[in-house]
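# Fold and contact review
What follows is each chain in one-letter form.
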Amino acid sequence: MVGYDPGAQGTALSPEEAALAGSAAGMVTRALISPFDVLKIRFQLQIERVSSQRPEGKYSGLFQAARCIHSEEGLSAFWKGHIPAQLLSIGFGAVQFASFECLTEVVHKSTPYDSQTAGVHFICGGLAACSATVVCQPLDTLRTRFAAQGEPKVYRNLRHAVSAMCRSEGVLTFYRGLCPTLMAVFPYAGLQFFFYNVFKKLLAPPPNAGKSGGLRSLVCGSGAGMISKTITYPFDLFKKRLQVGGFETARVHFGQVRSYRGLVDCMVQIAKEEGVRGFFKGLSPSLVKAALSTGFTFFWYEFFLNAMRNLKEREREQKTSPKT
């Protein structure tokens, strides 16, 4: 079970080991879901309406966008910005899960609340994700810039992107969109942990049933990811629009571009020009990505945690067993 569990049998794991499991889970998951992330970002940044019936912009649907990107930019385009995205996933996973394990332990030991309740997981999950967001926001901005650029490329590599952005836009540009990010990430991550906790308990196997923990983690994580993403999606779109501010020249051949003075101006302009549906552009690939991302993240996190726990127990048994 994710989070501090006082009734858990076996060897307890340290925050460092939770961070290692979280970073490994993030790394594996990122490699698998990167194409959906690129598709989601392209939809989010398109001003024109996304519609297969009445196409107005460059991308009109999920499969059409995938074919278009593949034919124009090649297969590698689906992994654009993969290096900063991997650094983001590794760092975010480490900070988030280590913070979550520490917070749930503090709650259990310092308050009358049970660390394994869904409400505690919502609060601790949201706070853990906020701390990870503040640490990793520059990498998220870099990932968005790489995924958003077409051909010819504005940034040749990660080093060139960092130096060019610092020189032309200043260091604070790496924290563009931080406000809507924090507004979105707290409920999003909180709901992920909340629903994962609820689903795991609902789908708990009978006492005498065989082991199916891996599949249960995958299913529960996927459901939690889709529900939480749908509820908080507009804030993710606002963040992406703000992160590409000052990057308009690289976006011209994709269609119309807009500049926003801040979060409120971004919301107002989108509502006026694109309507309420504009707040949910790219939701389809985002839901697929959220189901896979959250499902795989919890699956791999628990997989690596169990692997480390089994390794520690084996080492302890070897030390305590009498020598022959």
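For the structure itself, consult the block above.
Residues numbered from 1 in each chain as written. Predicted model: local features only at pLDDT ≥ 70, side-chain atom pairs only at ≥ 80, totals over all residues. Heavy atoms only, no water.

## Regarding empty space enclosed by the protein
In the structure shown here, the tally under the stated rule is 4 cavities of 30 Å³ or more. Approximately 750 Å³ is the volume attributed to the largest cavity. R30, F92, Y188, K289 and S293 are, among the 36 residues lining the largest cavity, the residues nearest its centre. Mapped onto the lining of the largest cavity, the elements with two or more residues apiece are helix 1 (15–45), helix 3 (82–110), helix 4 (118–148), helix 6 (178–202), helix 7 (213–243) and helix 9 (283–320). Residue composition of the lining of the largest cavity, by class: 12 nonpolar, 14 polar and 10 charged. (1 Å grid on protein atoms, 1.4 Å probe; cavity = no way out; pocket = protein on both sides within 12 Å on 5 of 7 lines; lining within 4 Å. Points joined across faces, edges and corners; volume = space filled by probe spheres on them. Helix = DSSP H or I, 4+ residues; strand = E, 2+ residues; numbered from the N terminus. Nonpolar A, V, L, I, M, F, W, Y, C, P; charged D, E, K, R; others polar.)

## Quick notes on the side chain of Q96
Looking at the secondary structure, you find Q96 in helix 3. Once residues lying within four places of it in the same chain are set aside, the contact partners of Q96 are A128, A129, A132, A189 and F193. (Contact = heavy atoms within 4.5 Å.)

## Things to note about the packing of aromatic side chains
Applying the stated criterion across every chain, the model contains 18 aromatic pairs. With 5.0 Å between their ring centres and 80 degrees between their planes, F299 and W300 make a pair best called edge-to-face. Pairing W300 with F303 gives two aromatic rings, centres 5.4 Å apart and planes at 85 degrees, and the pair type is edge-to-face. Of this pair, W300 and F303 both sit in helix 9, 3 residues apart, which is roughly one turn of that helix. One aromatic cluster is present, formed by F97, F100, F193, Y196, F298 and Y301 through successive ring pairs. Against the face of Y188 rests K229, its NZ or CZ located 4.5 Å from the ring centre. (Phe/Tyr/Trp six-rings, centres within 6.5 Å; stacked < 30°, edge-to-face > 60°. Lys NZ or Arg CZ within 6 Å of the ring centre and 35° of its normal.)

## Observations regarding the nonpolar core
Of all hydrophobic cores here, the largest spans 20 residues; its most connected members are V2, F97, F100, F193, Y196, F298 and Y301. With residues near it in sequence (within four places) discarded, F100 still touches V2, G3, H121, C124, G125, A128 and F193. Listed in part, the 14 residues of the second largest apolar core include I41, L45, A77 and V244. (Core = buried A, V, L, I, M, F, W, Y, C linked by side-chain atoms within 4.5 Å. Buried < 20%, exposed > 50% of the residue type's maximum accessible area, 1.4 Å probe, protein only.)

## Points about the packing of helix 3 against helix 6
Where helix 3 contacts helix 6, the two axes come as close as 13 Å, and the packing angle between them is 65 degrees. Read as a crossing pair, helix 3 and helix 6 show a hand that is right-handed. Seen from helix 3, the contacting residues are F92, Q96, F97 and F100; seen from helix 6, they are V185, A189 and F193. (Axes fitted to C-alpha atoms, helices over the stretch in contact; angles between N-to-C directions. Left-handed = near helix turned anticlockwise from the far one by under 90°.)

## Regarding the side chain of R241
With respect to the element layout, R241 can be found in helix 7. Reaching out from R241, the side chain makes a polar contact with the side chain of E274 at a distance of 3.1 Å. Contact partners of R241, with chain neighbours within four places excluded, come to Q44, L45, Q46, I47, Y260, C266, I270, E274 and K281. (Polar contact = N/O pair within 3.5 Å; in protein donor to acceptor, adjacent residues only side chain to side chain.)

Read these as geometric descriptors, not functional statements.
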